[in-house]
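# A closer look at the structure
Each chain, written out:
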Amino acid sequence: MNRDAKTDIKSLRFEQIEQAVAELGEARYRARQIADWLYQRRVQSFEEMTDLPREFRARLSEQFAFGKMDVVRVLGSRDTTGKFLFRLTDDSLIETVLIPASPALYGSRSDRRTLCVSTQVGCAYGCKFCASGLEGFSRNLLPNEIVDQIIVVERETGEKIDNIVFMGMGEPLANFENVMGAIRIINAPWGLGIGARRITVSTSGLAPQIRKLADEQLQIRLAISLHGATDEVRNQIMPINRRYNLETLLAACEYYAKHKKQRLTFEYILIENVNDSPDQARRLGRIARRLEAKINLIPYNTVHGLPWSRPSPEQQEHFLSILRQAGIAATLRREKGHDIDAACGQLRLQTKRELQSTIS
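Right, let's walk through the structure included here. This is a predicted model, so every value here is computed, not measured. (Residues numbered from 1 in each chain as written. Predicted model: local features only at pLDDT ≥ 70, side-chain atom pairs only at ≥ 80, totals over all residues. Heavy atoms only, no water.)

### Quick word on the overall build of the chain
Short version of the rule: Put simply, DSSP H or I for four residues or longer makes a helix, DSSP E for two residues or longer makes a strand, and each gets a number counted from the N terminus. Each residue is placed in one exposure class: buried if its accessible area under a 1.4 Å probe, protein chains only, is under 20% of its type's maximum, exposed if it is over 50%, and partly exposed if it falls in between. Contacts between residues were defined by any pair of non-hydrogen atoms, one from each residue, lying within 4.5 Å. All accessible areas in this document rest on Shrake-Rupley with a 1.4 Å probe, and a residue is counted as covered only by the protein chains that are shown.
Secondary structure summary: the chain contains twelve helices and twelve strands in total. For the chain, with 360 residues in total, the buried portion stands at 55%. Across the chain, every contact between residues at least 6 apart in sequence was considered, and the portion connecting residues at least 24 apart equals 67%. Counting every atom, the chain has about 15700 Å² of accessible surface; 47% of that belongs to carbon and sulfur.

Right, dumping it as structure tokens:
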């Protein structure tokens, strides 16, 4: 990635657009016009901003980039889940998943549309069950590359996105500043106007960044990718636990819950013979009770080349029943996108391998 490259106009906050307009000798109201072209009319070039003077458009083009995001592949699922593979300006590939939300997922009406966005190209955290990190980490996504995932999906589908979850490729809190920059644009009335409480950031367990997020003013939601109720299990499948063990993570979660006054969600992918035992269920229940957290159980989406598999439906239901008998607010995610390999990174990995085999 060329670090000397021009900043993309869609990576700027409104006050930064105002500053740029002033430095170019234009009236302050031009910033509002630019924001309107970017986020309401959704143009794809400076040239389309027709109520700006031609010379001003030319100077904007000289100073700022206007990145594009190409749609490479779109897969549709029987359950109406949609998976999008995008190519960025440097030819990197990322994935975004459109999910038909259900009461079991987020407690919202079934007509809600949730978009699962990526924050990095690849991932450096190496969770053993995940396809995102199989080919390593390339780079962080910039704010405009995060925001554009929403804009392009809305353009492609003609549907309005109601909820954003940062649960796609990458570890969001490892790209903290760019993710927060994108969230401010997504949330702002001059931007995409999606409410903070409809935005959820997920993390595999970066405890210091959880505390940093707690100190942010925006009331966004936090989901913890727990996937194990003991250090022994988390160490086996999540290398991040060796840096920030379970107790360190839970202390950071308590700090977040105290400062935000909102319930956390623990995401828990059920993997057969790894973390689906009754003992794990009971321990998970104790963790949830300690933090007054909700549990979202997710049957494992099989990843080609990895040895893991999902438990039987009976085992999934038994795990859920243990939590509910303990009085925990727990849901079991019904099948979403399993027939299109909707787990993070699968479509990108498959496409890259197909391209490599074609070249060779």
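Don't stop here, the text continues.
### A look at the nonpolar core
As a reminder, the rule being used: Here, nonpolar core means buried Ala, Val, Leu, Ile, Met, Phe, Trp, Tyr and Cys residues that are tied together by side-chain atoms lying within 4.5 Å of each other.
I34, I164, F166, I220, F266 and L297 are the most contacted members of the largest nonpolar core, which totals 110 residues. Top contributing element to this core by residue count: helix α6 (residues 176–187), with seven residues. Excluding residues that lie within four positions of it along the chain, F266 makes contacts with I224, L226, L250, C253, I287, A288, L291, A293, K294, I295 and N296. V97, C116, V165 and M167 belong to the second largest nonpolar core, which has six residues in total.

### Description of the pairing of strand β8 (residues 199–203)
Here is the rule we go by: Strands are treated as partners if at least two bridges between them are detected by DSSP. The handedness rule is simple: strands pointing away from the viewer, and a clockwise path from the first strand over the helix to the second, make the crossover right-handed.
Most of β8 sits out of view: five of its five residues are buried. Burial of β8 is two-sided: the residues I199, V201 and T203 facing one way and the residues T200 and S202 facing the other way are all buried. Here strand β7 (residues 163–166) runs beside β8; their pairing, made up of three bridges, is parallel. Within β8, the position partnered with I164 by the bridge is I199. As a crossover connection, the stretch from β7 through α6 into β8 is right-handed. As paired strands, β8 and strand β9 (residues 221–225) are joined by four bridges and run parallel to one another. Across the sheet, S202 pairs through a bridge with A223, a residue of β9. Read as a crossover between parallel neighbours, the route from β8 over helix α7 (residues 207–214) to β9 is right-handed.

### Quick word on the pattern of salt bridges
This is how the line gets drawn: What counts as a salt bridge is simple: a side-chain nitrogen of Lys or Arg found within 4 Å of a carboxyl oxygen of Asp or Glu.
Taken as a whole, this structure holds 20 salt bridges when the rule is applied. Members of the salt-bridge network, linked through shared partners, are E26, R30 and R59.

### Thoughts on the environment of E95
Rule in force here: For the purposes of these results, a polar contact is taken to be a pair of N or O atoms within 3.5 Å, where, inside protein, one atom must be able to donate a hydrogen and its partner to accept one; residues adjacent in sequence count only when each atom of the pair is a side-chain atom.
As for its position among the elements, E95 is in strand β3 (residues 93–100). As for E95 and M169, which are separated by 74 residues in sequence, their C-alpha atoms are 6.9 Å apart. A polar contact is formed between the side chain of E95 and the side chain of K83, at a distance of 2.7 Å.

Distances and angles like these do not, on their own, reveal function.
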